[in-house]
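# Topology and contacts: notes
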Amino acid sequence: MVFNFEQVHNYYERLVFEEVARRSEQYQDFTSDMLGDVACVALNRLPARYVRHDVDLMFYLTEQERHTIELSLEEVLQFAFGFVLERSARAAA
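First things first, this report covers the structure right here in the doc. Note on numbering: residues in each chain are counted from 1, in written sequence order. pLDDT decides what is reported in this predicted model: residues at 70 or higher carry local features, side-chain atom pairs at 80 or more are listed and counted, and totals for whole chains, interfaces and linings draw on all residues regardless. With hydrogens and water set aside, each side-chain value is computed from the structure's full complement of heavy atoms.

This paragraph deals with the pattern of salt bridges. The term salt bridge refers to a pairing of a side-chain nitrogen on Lys or Arg with a carboxyl oxygen on Asp or Glu at a separation within 4 Å. All chains considered together, the criterion is met by seven salt bridges. Its salt-bridge partner being Arg 14, residue Glu 18 comes within 3.2 Å of it at the nearest N-O pair. Residue Glu 18 and its partner Arg 14 are both found in helix α1 (residues 11-23); the two are separated by four residues, about one turn of the helix. In this scheme, a residue with accessible area under 20% of its type's maximum is buried, one over 50% is exposed, and one in between is partly exposed, where area comes from a 1.4 Å probe on protein chains only. On the basis of relative accessibility, which here comes to 46%, the residue Glu 18 falls in the partly exposed class. The residue Glu 19 makes a salt bridge to Arg 23 at a minimum N-O spacing of 2.8 Å. Secondary structure is summarised from DSSP: a helix means a run of H or I of at least four residues, a strand means a run of E of at least two, and numbering begins at the N terminus for each.

Position of Arg 23 relative to the elements: it lies in helix α1. In this structure, the C-alpha to C-alpha distance between Arg 23 and Val 84, residues 61 residues apart in sequence, is 14 Å. Apart from the residues within four sequence positions on either side, Arg 23 is in contact with Glu 74, Leu 77, Gln 78 and Phe 81. In what follows, a contact means two residues having at least one pair of non-hydrogen atoms within 4.5 Å.

What follows is the structure in structure tokens.
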């Protein structure tokens, strides 16, 4: 039997990557390495939600669960950008 796991991914990865890229305009002093760190910090603060297709998860979520995901994403991204900014400032000092 052949297994194909290429479609399996963490639901939050795409959301975090897209949002970090979008917000990078506000953090023009951040290097690409720093933005990668932001994505890692954010993803490590979110629960793992593995899916094969994003639409599968969205179909089964309630409106409250979708709202909770949006709030969680906002919270972890604010934290992650601040965390990386603070650490890079300390390293430069």
